[in-house]
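Chain and residue survey
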Amino acid sequence: MEEKQRDFKQFKLAITRNRLPLSQNSYNRWGYRHISPVADDFTLDEILNIIRSGDLASLRELSRYYYRTNSEYRNNIDFLAHLPLYDTVVIPVFQENKTGSQKQIINAFYNACDFVDKMDLPNTLARITTEWLITGTYNGILRTQGNDVVIQDLPLEYCRTRFRDFNNLNILEFNLHYFDRIFEEEYREEAVKTFPEIVQKAWRQWIKGNRKGDPWVAIPAAFGGISFSFTMDQTPLLIASIPELKKLDDAVKREEKRDENELYKLLIQRMPIDSKGQLVFQLEEVADIHSSIAAMLGDIDTVDVLTTFGETSLESLQETTAASQSSDRIEKYKTNAWDALGRGEILFNATNSSSLAYMIKKDESLMMAYLNIYETWCKFVINDRFARKGVTFDFEILPTTVFNRQELQQTFFRGAQYGYSKMFAGVAMGIKQRDQLSLMNFENDFLEMSLKMVPLQSSYTTSGNVIASEEKNSSGEEKVVVSETAKDLTDTGGRPELPDEQKSEKTQANIDSMG
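Criteria and cut-off values
- Residues numbered from 1 in each chain as written.
- Predicted model: local features only at pLDDT ≥ 70, side-chain atom pairs only at ≥ 80, totals over all residues.
- Heavy atoms only, no water.
- Helix = DSSP H or I, 4+ residues; strand = E, 2+ residues; numbered from the N terminus.
- Buried < 20%, exposed > 50% of the residue type's maximum accessible area, 1.4 Å probe, protein only.
- Contact = heavy atoms within 4.5 Å.
- Areas by Shrake-Rupley, 256 points an atom, 1.4 Å probe, with all protein chains shown as cover.
- Phe/Tyr/Trp six-rings, centres within 6.5 Å; stacked < 30°, edge-to-face > 60°.
- Lys NZ or Arg CZ within 6 Å of the ring centre and 35° of its normal.
- Pairing = 2+ DSSP bridges.
- pLDDT = per-residue confidence, 0-100.
- Axes fitted to C-alpha atoms, helices over the stretch in contact; angles between N-to-C directions.
- Parallel < 35°, antiparallel > 145°, perpendicular 65-115°, else oblique.
- Left-handed = near helix turned anticlockwise from the far one by under 90°.
- Nonpolar A, V, L, I, M, F, W, Y, C, P; charged D, E, K, R; others polar.
- Salt bridge = Lys/Arg side-chain N within 4 Å of Asp/Glu carboxyl O.
- Core = buried A, V, L, I, M, F, W, Y, C linked by side-chain atoms within 4.5 Å.
- Polar contact = N/O pair within 3.5 Å; in protein donor to acceptor, adjacent residues only side chain to side chain.
- Patch = residues over 30% accessible without salt bridge, like charges linked within 9 Å, V, L, I, M, F, W, Y side chains within 5 Å.

A short note on the overall build of the chain
Check the secondary structure of the chain and you find 21 helices and 15 strands. Buried positions account for 36% of the 515 residues belonging to the chain. Partitioning the contacts of the chain with sequence separation of at least 6, the portion at a separation of at least 24 is 70%. Accessible surface, the chain as shown: approximately 31,000 Å² in total, 52% of it carbon and sulfur.

Okay, structure coming up:
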């Protein structure tokens, strides 16, 4: 069946009309809402035309539509957005010969940690990353009220970024027409007050000037502006995979139709003829026979009756071999779709683990680019508010994911044994910095658990002086050093098992075959 084609220019105009912010669908007391219903599914030609056009509004509309309606597209975006755990570390950086008082530095550190905790970065950044992956960019403002802080989303259609500041952050620009088209005065004033003072001032001046002049107002990061994107290309990350996903959807629909056809039967009853080629029954009798059979099978929707001359047979509308061929065709489209998405189906429907580790590492490396941009912004915001004489702050988002958390925990734990930061080990375990300090103070100073809970003596819990015990030999002249490490040795033979990503394909295949 030929799909109905839509005029691409009319489609773009419809998007523009739908984006005019009316009070009932663009703003409420809880922030901006994006509502863009699409009546008809996109055809393959429409998808290709939108991608070739490069029109960002159309590309974002297409991406949003597939995020709502296509499980593969949505699962891949949600997987990438929630792959990092967004474990954060605030790091005081002392300036030589400019050290302030210890009390001031500690207070600044605690305030910075509190500020990061109140931003609720694990949930906030996962939400921002989801929007970024869907639309190719994210725009918002950082709002503070007393000790409270929240990141408010902004409608993309009224935001742009053209420049960077000296902190390598995008400078957000907002279009004042957004307020002008909120009809109710109460809602309009309420919306204006949620923006930074620089926007409120620009709005008042714009109204005073009868809405003449440039409606765009710049909101630098120092005033709360947030704009995340890669370079100047704000194309949604996975948009190029949509044509293959559309082909897969169309193929599935065709195979569903074939499956339905397999259920249908056609009862062919052929009326007998004599040796002279004459009908044995009169046409009226043939009609009665046909009507009787049709009435008898009337409750069976999948069987139709055809009356002709000759023998009776029951035929299927589709060959029985079509089922296996259908499976092969679907598998081909699936492979193409997952290749276009850039990851393997094994992530969501695991059948073996031969390449899973490599796929995960590739996705982890992709998301590090997003984390680096978040780190730059958070570092600026923290220093802008809490840097003091003698101390500034660095900020890191650990590369911990659902899959590598245990590995990184062991890495940071080994580093702590050699004198490196203990906080990194705690954060890698999912314990926030402020919580670590509070727990340690409470356990050691209030409950005195360090005196009540004495760990077993091992190479991990004692110093080198305690680990090594000196014993005299039989002559009493020489000393023999006995290490606890040697006592931990076992009789287990063979080479230690390699991590999954270092195992060969043949080894993985053997493991999978053993269940």
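On we go.
Some thoughts on the packing of aromatic side chains
In this structure the tally under the stated criterion is 24 aromatic pairs. Ring geometry for W203 versus W206: centroids 6.1 Å apart, planes at 45°, classification tilted. Of this pair, W203 and W206 are both found in helix α10 (residues 197-208), three residues apart, which corresponds to roughly one turn of the helix. With relative accessibility at 5%, the residue W203 sits in the buried group. Members of the aromatic cluster, connected to one another through ring pairs, are W132, Y138, F228, F230, Y370, Y374 and W377. Cation over ring: R160 sits above W216, and NZ or CZ is 4.2 Å from the ring centre.

A look at the pairing of strand β7 (residues 170-175)
For β7, the tally of buried residues reaches six of six residues, placing the bulk of the element in the interior. Side chains N170, L172 and F174 project from β7 onto one buried face, and the interleaved I171, E173 and N175 project onto a second face that is buried too. The turn joining strand β6 (residues 159-164) and β7, which pair antiparallel and follow one another in sequence, is formed by five residues; a positive phi near 65° is taken by N168.

Digging into the side chain of T130
Checked against the element boundaries, T130 lands in helix α7 (residues 121-135). Judged by relative accessible area, which is 12%, T130 ranks as buried.

Observations regarding the confidence of the model for the chain
For the chain, mean pLDDT is 78; residues scoring 70 or higher make up 70% of the total. Below a pLDDT of 50 lies the segment residues 466-475, which in the model reaches 20 contacts outside its immediate sequence neighbourhood of four places, other chains included.

Considering the packing of α7 against helix α14 (residues 356-386)
At a minimum axis distance of 12 Å, the contact between α7 and α14 shows a crossing angle of 120°. With respect to their mutual orientation, α7 and α14 come out oblique. Of the two elements, α7 crosses α14, and the hand of that crossing is right-handed. For the pair formed by α7 and α14, the contact residues are L121, L125, I128, T129, W132 and L133 on the first element and M367, Y370, I373, Y374 and C378 on the second. Counted by class, the contact of α7 with α14 contains 10 nonpolar, one polar and no charged residues.

What about the packing of helix α6 (residues 102-118) against helix α17 (residues 433-446)?
Viewed as axis vectors pointing N to C, α6 and α17 meet at an angle of 120°, and their least axial separation amounts to 9 Å. Judged by the inter-axis angle, α6 sits oblique to α17. Contact with α6, carried on its side by F109, Y110, C113, D114 and D117, involves Q433, R434, L437 and N441 of α17 and no other residues of that element. Split into classes, the residues belonging to the contact of α6 with α17 amount to four nonpolar, two polar and three charged.

Details of the pattern of salt bridges
This model, assessed by the stated rule, comprises 15 salt bridges. For E131, the salt bridge goes to R64, with nearest N and O atoms at 2.7 Å. Of this pair, E131 sits in helix α7 while R64 sits in helix α4 (residues 56-69), and the two are 67 residues apart along the sequence. We note a salt bridge from R434 to D114, for which the minimum N-O separation is 2.6 Å. In this pair, R434 sits in helix α17 while D114 sits in helix α6, placing the two residues 320 residues apart along the sequence. R434 gets classed as partly exposed once you look at its relative accessible area, which sits at 24%. Salt bridges here are not isolated pairs; linked through shared partners, they connect D41, K246, D250 and K253.

Details of the sheet that holds β6
Overall, antiparallel pairing links the three strands, which are arranged β6-β7-β8 in an open sheet. The outermost strands of the open sheet, each flanked by one partner alone, are β6 and β8 (216-219). Direction aside, the axes of adjacent strands within the sheet are offset by 35° on average.

What about the pairing of β8?
Every second residue of β8 is oriented toward a common face, the buried set being V217 and I219 and the non-buried set W216 and A218. Note: β7 against β8, four bridges, orientation antiparallel. Residue pairing across strands places L172 opposite I219, the latter belonging to β8.

What about the environment of L48?
If you trace the backbone, L48 turns up in helix α3 (residues 44-53). Linking L48 and P243, residues 195 residues apart in sequence, is a C-alpha distance of 6.9 Å.

A look at the nonpolar core
Formed by 57 residues in total, the largest nonpolar core has its most connected members in V90, L142, Y374 and W377. Ranked by residues supplied to this core, first place goes to α14 with 10 residues. If we skip the residues at most four places from it in the chain, V90 touches F109, A112, C113, V116, I382, F393, D394, F395 and Q433. Counting 19 residues, the second-largest nonpolar core is a separate cluster that includes I141, F179, A191 and V192.

A look at the side chain of S241
By the element assignment, S241 lies in the loop between β9 (225-228) and α11 (242-263). Engagement of the side chain of S241 in a polar contact is seen with the backbone oxygen of L238, the distance being 2.6 Å.

Points about a nonpolar patch on the surface
A surface patch of nonpolar side chains, about 280 Å² in accessible area, is lined by I273, L279 and L283. Looking at the secondary structure, you find L283 in helix α12 (residues 283-296). Note on L283: relative accessible area 57%, which makes it exposed.

Considerations on the sheet that holds β9
The strands making up a sheet associate through backbone hydrogen bonding, with each pair oriented either parallel or antiparallel. A sheet is described by the order of its strands in space; here three strands give the open sequence β5-β4-β9, paired in antiparallel fashion. What marks the edges here is a single partner per strand, and that holds for β5 (148-153) and β9. Averaged over all neighbouring strand pairs, the angle between strand axes comes to 25°, with direction disregarded. Sheet topology places strand β4 (residues 138-145) next to β9; four bridges connect them, and they run antiparallel.

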